[in-house]
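What the coordinates show
One-letter residues, chain by chain:
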Amino acid sequence: MNTVTMYWRPGCAFCIKLRAQLRLARIPYRKVNIWRDPDAAAFVRSVADGNETVPTVVVGGHPAMVNPSVRRIREALQD
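Residues numbered from 1 in each chain as written. Predicted model: local features only at pLDDT ≥ 70, side-chain atom pairs only at ≥ 80, totals over all residues. Heavy atoms only, no water.

In terms of regular secondary structure, the protein is built from three helices and four strands. Written out in order from the N terminus, the α and β elements of the protein read β-α-β-α-β-β-α. Taking 79 residues into account, the globule formula puts the C-alpha radius of gyration at 12 Å, and the protein, at 12 Å, falls close to it. A principal-axis box enclosing the C-alpha atoms of the protein has dimensions of 30 × 25 × 15 Å. (Helix = DSSP H or I, 4+ residues; strand = E, 2+ residues; numbered from the N terminus. Rg over C-alpha atoms; globule rule 2.2 N^0.38 Å.)

Take a look at the structure:
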């Protein structure tokens, strides 16, 4: 199974929502706080037009997804 990595930051309502949806869908994921990891923040900026837009999710070798739906994440997991 592919690994799901979710880049997030504290206080992000979209991150809170996606985390809850992933738990309900029983999709395991790894969280990376971009405010504590400068390299993670740089990665997010590199895939989000220079912005620190979160949640940003990476599934296995797929391109990063900015603010994806659980459906998109499931589809990536099935590839």
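Further notes follow.
This brings us to the environment of Gly11. Tracing the backbone shows Gly11 in the loop between strand E1 (4-8) and helix H1 (13-24). Sequence separation between Gly11 and Val47 is 36 residues, and the spatial gap between their C-alpha atoms is 21 Å.

What follows is about the packing of aromatic side chains. Evaluation of the coordinates by the stated rule reveals one aromatic pair. For the ring pair Tyr7 and Phe43, a centre distance of 5.1 Å and an interplane angle of 40° mean the geometry is tilted. Remark: Phe43 occurs in helix H2 (residues 38-47) and Tyr7 occurs in strand E1; sequence separation between them is 36 residues. Note on Tyr7: relative accessible area 12%, which makes it buried. The class for Phe43 is partly exposed, based on a relative accessible area of 28%. The aromatic ring of Trp8 is capped on one face by Arg19, whose charged end is 5.0 Å from the ring centroid. (Phe/Tyr/Trp six-rings, centres within 6.5 Å; stacked < 30°, edge-to-face > 60°. Buried < 20%, exposed > 50% of the residue type's maximum accessible area, 1.4 Å probe, protein only. Lys NZ or Arg CZ within 6 Å of the ring centre and 35° of its normal.)

A few words now on the environment of Pro68. For Pro68, the location among the structural elements is in the loop between strand E4 (65-66) and helix H3 (70-78). Pro68 gets classed as buried once you look at its relative accessible area, which sits at 5%. For the pair Pro68 and Asp39, spaced 29 residues apart in sequence, the C-alpha separation works out to 21 Å. Not counting residues within four places of it along the chain, the set of residues in contact with Pro68 comprises Leu18, Pro55, Val57 and Ile73. (Contact = heavy atoms within 4.5 Å.)

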